Protein chains: 2
Amino acid sequence: MGRVTLDGLLNPSSVAILGATDETRRVGGRVMRYMHEAGFKGPIYPINPKRETVQGKRAYPSISDIPGTADLAILSIPARFVKQSIYDCAAKGVKAVVVFSSGFAEMGDEGRAMQEELGAAALDAGVRLLGPNCLGAASVNSGVIASFSSNFLDALPEPGSVGIVSQSGAFGAHLYSLARARGIGLSHWVTTGNEVDITIAECLDFLVDRDEVNTLVVYAEGINDAEGLRRALAKARGARKPVIFLKVGRTEAGAEAAKSHTASLAVSDAVVDAMLKQYGVYRADTTDEMMDVAYACQMGVFPEGRKLGILTISGGVGVQMADSAIKHGLEVPELPDAAQKKIAEMLPFAAVRNPVDITATAMEDPSFVPITHEIILNETDCDAVASFLTPVSGSHEVADTLLPYFARVHEATPNKAISLNIIMPEDVARRYEAERHTVFDTPDRAVASIAALCKIRESFDRGEGAAPLAAPSDALSVPEMAVSEVEAKRVLASNGIGVVREALVTDADSAVSNAAEMPGAVVMKIASPDIQHKTEIGGVLVGVEGDDAVRNGFDTLIARAKEHAPDASIDGVVVCEMVSGGVETVIGVNSDPTFGPVVMFGLGGIFVEVLKDVTFRLAPFGVDEAARMIREIKSFDVLTGARGGPAVDLDDLAETLSRVSVFAAENADTLDSLDINPYLSLPKGGCALDALIVPKG
Amino acid sequence: MGRVTLDGLLNPSSVAILGATDETRRVGGRVMRYMHEAGFKGPIYPINPKRETVQGKRAYPSISDIPGTADLAILSIPARFVKQSIYDCAAKGVKAVVVFSSGFAEMGDEGRAMQEELGAAALDAGVRLLGPNCLGAASVNSGVIASFSSNFLDALPEPGSVGIVSQSGAFGAHLYSLARARGIGLSHWVTTGNEVDITIAECLDFLVDRDEVNTLVVYAEGINDAEGLRRALAKARGARKPVIFLKVGRTEAGAEAAKSHTASLAVSDAVVDAMLKQYGVYRADTTDEMMDVAYACQMGVFPEGRKLGILTISGGVGVQMADSAIKHGLEVPELPDAAQKKIAEMLPFAAVRNPVDITATAMEDPSFVPITHEIILNETDCDAVASFLTPVSGSHEVADTLLPYFARVHEATPNKAISLNIIMPEDVARRYEAERHTVFDTPDRAVASIAALCKIRESFDRGEGAAPLAAPSDALSVPEMAVSEVEAKRVLASNGIGVVREALVTDADSAVSNAAEMPGAVVMKIASPDIQHKTEIGGVLVGVEGDDAVRNGFDTLIARAKEHAPDASIDGVVVCEMVSGGVETVIGVNSDPTFGPVVMFGLGGIFVEVLKDVTFRLAPFGVDEAARMIREIKSFDVLTGARGGPAVDLDDLAETLSRVSVFAAENADTLDSLDINPYLSLPKGGCALDALIVPKG
């Protein structure tokens with residue numbers, strides 16, 4: 001980046017407010033009030049040429065008149081004055097400005113031009129700019145509320161460890177309200193608006209480095225800095241700080257709507273999804289899911305495995321929670337005999353396998369609840385516990401008995417997550433939360449949150465993963481012009497990718513001699529840059545065996561080509577080994593304008609065509625990422641020998657995908673698309689039967 | 001049923017409380033207090049042999065001592081006294097008893113025997129029994145709270161139109177809390193516990209008939225009265241009262257857990273799911289979904305179509321809502337030009353296609369919000385509107401401007417649903433809700449609730465649907481013993497189901513003459529009850545053409561059978577027409593112990609075997625239900641000619657499924673299973689190529 005950091009924005013020593021007024025109904029009045037109330041320690045300079053004082057503080061006619069400097073300047077001024085103000089601020093040593101004004105790129109071309117001027121001015125003046133068309137930012141520990149959002153009228157942020165970064169101001173404000181209602185404390189809250197300078201990516205990058213932040217919530221409309229975002233996400237994973245990401249535009253209709261929402265660049269959702277998977281980001285589908293997962297993550301307790309213990313006072317709810325656990329990919333193991341026996345001795349009528357149903361009757365003696373919790377947490381290999389104890393357990397008395405037990409559990413096994421489904425008054429809930437236990441009001445969410453924590457921990461543990469396989473030293477590059485299928489496979493082979501054994505021949509004798517070197521029958525295909533659909537003209541012969549048949553085949557193909565496409569230039573005939581068995585897969589590469597080359601994988605035939613059962617990753621990636629990719633398709637079982645078919649060589653397939661990704665990445669500037677259809681995955685190894693490389697240009 | 005109705009339980013004129021005490025910490029004290037506080041109009045008789053008065057009312061030593069009668073007796077007494085009390089109550093004319101006591105079927109075999117005695121006693125004495133092991137019931141308008149749930153300590157039910165029926169007491173209480181927190185008013189709240197007499201089904205049946213009930217929420221662990229449930233659900237659909245159903249045990253692990261929860265019978269989830277679909281029941285996956293949908297349904301506003309207008313103050317949130325709409329099966333149509341123009345004239349910078357983004361700036365003049373709402377609601381063909389107006393619109397002032405507009409809309413088009421995503425204080429929300437608009441705190445739920453309303457309305461409009469096709473008058477029944485494939489197809493053919501043209505022959509001449517009558521080549525198969533896997537012994541010949549080939553074929557098959565299975569009894573050889581083209585489907589019937597015959601449908605090969613892409617319905621059903629069934633499979637596109645295959649005769653397929661369902665229903669007592677694999681669906685018509693009928697016994 002090379003530009004000054006966001007310290008001026010999120011950790012300033014002094015703040016100037018341009019357009020500060022007394023009236024807190026107005027933007028400049030509101031910011032002034034918030035900065036005042038939030039307990040900012042440094043000087044605050046109201047700028048207002050018409051007043052001596054604003055809200056009790058001495059006002060200055062212009063930024064040039066303040067004594068000393070201001071790290072941060074908040075511009076509550078009309079759009080047309082913004083550009084000049086940026087220069088004025090820079091002259092006084094201001095490091096960052098917040099621009100609330102709308103009327104820029106979101107308003108069409110004229111606005112976009114104005115916005116570009118702002119961006120250029122900020123760059124020129126060496127000032128960082130948040131906005132325009134944003135709701136500003138808050139940095140809770142620093143006592144900075146550089147926003148006019150009416151949310152802060154009701155209540156200032158509760159300090160906490162969650163950082164919210166939202167491109168949308170309105171939705172950022174909405175998330176603020178939801179967090180407050182849920183008792184989720186915030187470290188930072190930033191809305192980036194039109195992102196002429198500061199992007200979501202950079203905010204994320206900055207926040208990951210703050211010790212007080214342990215969880216990041218991101219709401220993105222578009223992706224304006226793909227490289228920066230990838231860097232920030234990699235850094236967050238390295239720091240084991242979960243990123244919960246809601247990216248709008250999942251559906252075609254959504255993407256269509258996004259296009260008319262001009263302030264952001266549309267990007268293929270499949271590619272965004274691939275990127276988020278690759279970086280171990282938790283992609284939330286809904287607002288509720290995002291807030292639930294953030295709520296759980298901030299506790300900082302990430303279970304070491306997927307084994308869930310379920311404790312309930314209702315058998316039916318136990319079943320419901322087991323359903324939910326399985327749906328979310330958790331396991332519900334039968335408890336060890338000793339633990340079952342111990343519970344059964346105390347509570348002869350309890351169900352003890354897991355779910356453990358201590359029955360409502362057990363609630364008559366409140367000591368059963370902590371004891372059974374302790375048994376499941378300490379005497380089984382469950383990684384987490386979800387408990388349905390409502391409706392009678394939401395009291396301080398129950399908390400008094402439970403919390404000391406839970407504390408002992410956390411001391412011994414700090415990563416065991418405890419998720420309670422109890423409807424309780426807020427002050428009781430806060431006691432559990434202070435000890436890093438989660439409280440939900442439905443069993444489904446109590447379980448789902450644990451599943452989210454498990455997935456996040458797994459992505460942390462996985463880390464960056466294996467490096468992409470190095471390309472062979474003699475790897476060929478993407479050809480400058482379109483090339484034949486044979487040539488395409490030659491390029492792939494030089495990049496370490498298995499291809500079918502084949503030869504391009506121009507006379508019948510060579511056809512015969514080449515076929516003779518291949519085991520069994522061969523496939524013969526006409527080779528011509530001008531004949532796209534070979535099968536339609538009878539240009540493919542399958543199962544050709546014996547010298548005479550090969551010789552006849554050569555002649556037949558040439559004759560058919562001449563008959564059906566008299567003007568076609570003919571390269572000859574391809575003779576290739578007839579490989580059978582295995583499973584046909586499809587491997588593709590496309591060049592995404594935002595993220596560069598993207599590798600696709602799926603099974604051939606109906607799986608790709610009818611079921612659209614495909615998966616994507618950004619190039620390049622290593623074999624372990626490729627292995628995950630392969631396991632992600634719904635038809636994965638076909639590769640392991642379901643339906644009595646062959647079990648294929650998954651290691652070869654993963655290696656091939658990684659090699660394709662490396663080829664795509666190394667040739668990112670020149671490769672438009674690559675299509676290997678099919679790549680025949682065999683019980684041992686595999687090979688590309690057909691391939692098409694399309695260069696850019 | 002033939003037994004007295006539930007009036008005694010849910011609409012009693014007088015109530016006796018056995019075990020009533022002064023201490024409200026005890027069950028009998030709590031019930032007494034609740035009945036008192038709930039404003040029950042009739043006499044309440046506390047029964048307690050040790051006290052003169054209970055909570056200020058004269059107490060009676062036994063039920064026999066009360067003056068007159070009590071319609072309802074609430075038994076807060078130990079389990080061992082319950083049976084005698086039932087007889088005592090009956091002697092005084094009691095119509096219904098509530099039994100809270102646990103220690104019955106949920107505790108094992110001994111308890112189950114005791115429970116059966118209770119059931120027999122109630123039947124014998126002519127008294128209806130709720131429970132045992134339940135939390136009781138509440139009937140809000142009648143002022144009846146026959147429960148000791150501590151929930152009612154905090155607050156008595158708000159009257160409303162939602163009836164909750166829960167098998168689980170603890171979860172019923174939980175739902176009560178959630179409803180209260182959400183401001184959902186209740187008409188009735190019933191927990192059925194072990195269901196020795198009164199079941200969920202009967203409660204549902206009773207509540208559907210109450211005018212004050214417009215929405216039903218059901219939480220079921222098992223299904224104890226399948227016939228009654230089907231009747232009640234059909235009645236609810238006829239009365240256009242939505243039933244929102246959460247049935248636990250969706251996953252195998254859940255079902256496994258359900259088995260060890262002994263109080264209820266496990267039932268295959270696929271069958272429950274089929275039944276709920278068939279009766280147009282809204283099946284909720286999670287507690288949150290159940291409560292959201294109930295909240296929306298009670299408004300009684302069901303959109304007439306799936307077209308959603310989206311109005312937001314943030315472009316990004318508009319995209320998010322469009323995503324959510326598509327995910328939930330709604331449409332987001334582009335608004336008509338006139339409407340777009342009208343909005344654009346007012347708000348030149350708004351996005352106007354749909355989603356309509358009036359931008360946060362528009363909020364500065366609060367009149368834009370109602371006007372744009374009115375345009376979308378009145379001047380487009382949108383069936384519903386979802387609006388994201390938070391965070392600045394949760395005030396009484398905004399409600400003051402919006403509500404009169406909304407009222408006009410509802411007057412003109414009473415089925416247009418308005419769903420607001422605004423975070424607002426409860427008292428403001430209640431104002432919108434009073435006018436039957438829904439208020440959600442996240443955009444996803446605002447949209448999802450509209451989708452639920454649409455689906456429910458569609459199921460109402462569909463109603464019972466077409467009657468199952470009548471079986472032909474000469475339809476054959478299920479044979480008493482296992483029969484050959486040929487015989488099975490003969491049975492199917494007599495039931496109006498298309499089968500392949502074929503003949504069983506016992507000599508080569510007949511083989512030749514039959515083959516000669518079939519167009520083109522034939523398939524020949526050995527026919528023997530002792531040879532299950534014909535292909536393995538070379539017992540199937542495909543594409544046999546010409547007299548000589550058929551004659552040879554006959555001899556070959558007989559020879560192979562004799563060679564490979566010398567002891568097999570051989571019926572002869574089946575000569576059948578070789579039908580090609582079309583799509584192979586699989587049609588099956590299984591007999592479910594709870595719901596009787598269930599029809600399965602899917603596509604052949606990997607679709608059934610690998611992808612488990614199948615769907616079910618209870619037999620019998622008509623062609624429209626069959627048509628929905630066909631469209632439900634994920635691979636439906638294969639039937640319409642995707643992947644360049646043939647488009648098949650969907651009408652024939654639907655008719656076939658309906659006829660299979662009728663055959664299954666008519667033979668429910670004798671049919672164990674039927675397997676038509678494949679049924680070849682053709683561009684015109686279709687035919688069973690192979691079939692297996694397994695009789696019961």
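As the structure is a prediction and not an experimental result, all values here were calculated from the model. Every chain's residues receive numbers from 1 upward, in the order its sequence appears when written. Here the convention is simple: chains get letters from A, ligands get numbers from 1, in the order in which they are written. Totals for whole chains, interfaces and linings use every residue, but because this is a predicted model, local features are given only for residues with pLDDT of at least 70 and side-chain atom pairs only at 80 or more, for both listing and counting. No hydrogens and no water enter the side-chain calculation; it runs on all heavy atoms of the structure.

Novice: Can you lay out the overall build of chain A for me, pointing to particular residues and giving the numbers?
Specialist: Labels follow the DSSP assignment, with helices taken as runs of H or I lasting at least four residues and strands as runs of E lasting at least two, numbered in each case from the N terminus. Secondary structure assignment for chain A yields 25 helices and 29 strands. Projected onto its principal axes, the C-alpha positions of chain A cover 100 × 80 × 40 Å. When accessible area is computed with a 1.4 Å probe and restricted to protein chains, residues below 20% of their type maximum are described as buried, those above 50% as exposed, and intermediate ones as partly exposed. Classification of the 697 residues of chain A by burial places 59% in the buried group. Partitioning the contacts of chain A with sequence separation of at least 6, the portion at a separation of at least 24 is 70%. Here the Shrake-Rupley method, with its probe set to 1.4 Å, supplies the accessible areas, and only the displayed protein chains count as covering residues. Within the structure as shown, chain A displays about 26300 Å² of accessible surface, and the carbon and sulfur contribution to it stands at 50%. Each charge class in chain A can be summarised by its mean position, and for the 62 positive and 94 negative side chains these summaries are 6 Å apart. Residue contacts are counted whenever heavy atoms from the two residues lie within 4.5 Å of one another. Residues scored as charged are limited to Lys and Arg (positive) and Asp and Glu (negative), so that His and the chain ends carry no count. Where a charge sits is defined by one atom per residue type, namely NZ (Lys), CZ (Arg), CG (Asp) or CD (Glu).

Novice: Lay out the interface of chain A and chain B in plain terms, naming residues and giving numbers.
Specialist: Contacts between chain A and chain B engage 68 residues on the former and 68 residues on the latter. Of the roughly 5200 Å² buried between chain A and chain B on both sides combined, carbon and sulfur atoms contribute 67%. A pair is scored as a salt bridge if a Lys or Arg side-chain nitrogen falls within 4 Å of a carboxyl oxygen belonging to Asp or Glu. Between the two partners, chain A and chain B, sit 4 salt bridges. The element best represented in the side of chain A that touches chain B is helix H12 (residues 315–327) of chain A, accounting for 9 residues. When two parts are put together, the accessible area they lose, computed with a 1.4 Å probe and summed over both, is reported as buried area.

Novice: Can you tell me about the relation of the copies chain A and chain B, naming the residues and giving the values?
Specialist: Fitting of the copies onto one another was done by least squares over C-alpha atoms, counting residues only where both copies have pLDDT of at least 70. Note on the identical chains: chain A maps onto chain B by a rotation of 180 degrees and an axial translation of 0.1 Å, with an RMSD of 0.1 Å. The two molecules are tied by a two-fold rotation axis, judged by turn and shift.

Novice: Could you give an account of the packing of aromatic side chains, naming the residues involved and the relevant values?
Specialist: Geometry of an aromatic ring pair is reported as the spacing of the ring centres plus the angle between the planes. Residue and element names in this part refer to chain A. Each Phe, Tyr or Trp ring, with Trp reduced to its six-membered ring, pairs with another whose centre is within 6.5 Å; inter-plane angles below 30 degrees give stacked pairs, above 60 give edge-to-face pairs, and intermediate values give tilted ones. Within the structure shown, the criterion is met by 20 aromatic pairs over all chains. Taking 5.7 Å as the distance between ring centres and 80 degrees as the angle between the ring planes, the aromatic pair formed by Tyr 45 and Tyr 60 counts as edge-to-face. Of the two residues, Tyr 45 is situated in strand E2 (residues 44–47) and Tyr 60 in the loop between strand E4 (57–58) and strand E5 (72–75); the sequence distance between them amounts to 15 residues. Neither residue differs from the other here; Tyr 45 and Tyr 60 are each classed as buried. Members of the aromatic cluster, connected to one another through ring pairs, are Tyr 34, Phe 152, Tyr 176 and Trp 189. The ring of Tyr 405 has Arg 408 sitting right over it, with the charged end atom 4.9 Å from the ring centre. By definition here, charges over rings are those cases where NZ of Lys or CZ of Arg is within 6 Å of the ring centre and within 35 degrees of the ring normal.

Novice: Got a sec to walk through the sheet that holds strand E8 (residues 137–139) of chain B? Specific residues and values, please.
Specialist: All names here are of chain B. On the basis of which strands lie adjacent, the open sheet formed by 7 strands has the order E9-E8-E11-E10-E12-E13-E14 and mixed pairing. The sheet is open, and its two borders are formed by strand E9 (144–146) and strand E14 (282–283), each paired with just one other strand. DSSP bridges decide pairing: two strands pair if at least two such bridges lie between them. Sheet topology note: the strand E13 (residues 243–247)/E14 ladder contains 2 bridges and is parallel. Following the sheet pairing, Phe 245 is matched in E14 by Arg 283.

Novice: So what's going on with unusual backbone geometry? Which residues, and what values?
Specialist: The amide bond that connects Asn 677 of chain A to the next residue, Pro 678 of chain A, takes the cis arrangement and shows omega of 5 degrees. By the secondary structure assignment, Pro 678 of chain A is in strand E27 (residues 671–681). The phi dihedral of Glu 195 of chain A is positive, around 55 degrees, even though this residue is not glycine. Locating Glu 195 of chain A in the fold gives a position in the loop between strand E11 (186–191) and helix H7 (200–208). Classification of Glu 195 of chain A as buried rests on a relative accessible area of 7%. Despite not being glycine, Gln 55 of chain B has its phi angle at roughly 45 degrees, a positive value. You can see Gln 55 of chain B is positioned in the loop between strand E3 (53–54) and strand E4 (57–58). Judged by its relative accessible area of 21%, Gln 55 of chain B falls in the partly exposed class.

Novice: Talk me through the domain arrangement of chain A; I want residue IDs and the actual numbers.
Specialist: For the domain bounds, the source is a domain assignment made automatically or taken from a database. By the assigned domains, chain A splits into domain 1 (1–135), domain 2 (155–286), domain 3 (308–462), domain 4 (503–577) and domain 5 (583–695). Taking only C-alpha atoms into account, the centre of domain 1 of chain A sits 73 Å from that of domain 4 of chain A.

Novice: So, the environment of Pro 333 of chain A: which residues are in play, and what are the values?
Specialist: Residue and element names in this part refer to chain A. Looking at the secondary structure, you find Pro 333 in the loop between H12 and helix H13 (337–346). Look at Pro 333 and you get buried, because its relative accessible area is 18%. The spatial distance from the C-alpha of Pro 333 to the C-alpha of Asp 381 is 8.8 Å, given a sequence separation of 48 residues. Residues in contact with Pro 333, not counting those within four places in the same chain, are Lys 307, Leu 308, Arg 353, Asn 354 and Cys 382.

Novice: Please provide a residue-by-residue account of the side chain of Ser 314 of chain B, values included.
Specialist: Residue position: Ser 314 of chain B is located in the loop between strand E15 (308–312) and helix H12 (315–327). With relative accessibility at 6%, the residue Ser 314 of chain B sits in the buried group.

Novice: Describe the nonpolar core, with residues and values.
Specialist: Only buried Ala, Val, Leu, Ile, Met, Phe, Trp, Tyr and Cys residues count toward a nonpolar core, and they belong to the same one when joined by side-chain atoms within 4.5 Å. With 184 residues, the main nonpolar core has Tyr 432 of chain A together with Tyr 432 of chain B as its most contacted residues. Excluding its chain neighbours within four sequence positions, the residues that come into contact with Tyr 432 of chain B are Val 398, Ala 399, Leu 402, Leu 403, Phe 406, Leu 420, Met 424, His 437 and Val 439 of chain B. Of all hydrophobic cores here, the second largest spans 76 residues; its members include Leu 639 and Ala 654 of chain A together with Ile 497 and Tyr 679 of chain B.

Novice: Give me the lowdown on the pattern of salt bridges, citing residues and values where you can.
Specialist: Going through the model one piece at a time under the given rule, you end up with 84 salt bridges over all chains. For Asp 273 of chain B, the salt bridge identified is with Arg 250 of chain B, shortest N-O distance 2.9 Å. Note that Asp 273 of chain B is positioned in helix H10 (residues 269–278) and Arg 250 of chain B in the loop between E13 and helix H9 (252–260), a separation of 23 residues in sequence. Linked through salt bridges whose partners overlap, the residues forming this network are Arg 250, Asp 269, Asp 273, Lys 277, Arg 283, Asp 285, Arg 617, Glu 625, Arg 628 and Glu 632 of chain A together with Lys 327 of chain B.

Novice: Give me the lowdown on the sheet that holds strand E23 (residues 572–577) of chain A, citing residues and values where you can.
Specialist: Residues and elements named next belong to chain A. Taken in spatial order, the 4 strands make up an open sheet running E20-E23-E21-E22, and their pairing is antiparallel. Edge positions in the sheet fall to strand E20 (502–505) and strand E22 (540–544), since each has one partner strand and no second. Averaged over all neighbouring strand pairs, the angle between strand axes comes to 20 degrees, with direction disregarded. Two strands pair when backbone bridges link them, and strand E21 (residues 522–527) and E23 are joined in this way by 6 bridges, in the antiparallel orientation. Its bridge partner being in E23, Val 522 is matched across the sheet by Glu 577. Geometry is summarised by axes, namely lines fitted to C-alpha atoms with helices restricted to the contacting stretch, and by angles between N-to-C directions that run from 0 to 180 degrees.

Novice: I'd like to hear about helix H8 (residues 226–238) of chain B, residue by residue, with values.
Specialist: Residues and elements named next belong to chain B. An ideal rise of 1.5 Å per residue puts 18 Å on 13 residues; H8 measures up with 18 Å between its terminal C-alpha atoms. Within H8, burial applies to Ala 226, Gly 228, Leu 229, Arg 230, Ala 232, Leu 233, Ala 236 and Arg 237. Looking at the buried positions of H8, the neighbouring elements they touch are helix H7 (200–208), E13, H10, helix H18 (443–462) and strand E26 (614–618). Of the residues flanking the end of H8, it is Arg 240, one or two places downstream, whose phi is positive at about 55 degrees. Helix span is expected to be 1.5 Å times the residue number reduced by one.

Novice: Explain the environment of Val 409 of chain A to me, and be specific about the residues and the numbers.
Specialist: All names here are of chain A. When you line up the elements, Val 409 lands in helix H16 (residues 396–412). On the accessibility criterion, Val 409 (1% relative accessible area) is buried. With 226 residues separating them along the chain, Val 409 and Gly 183 place their C-alpha atoms 24 Å apart. Beyond its immediate sequence surroundings of up to four residues, Val 409 is in contact with Glu 374, Leu 377 and Asn 378.

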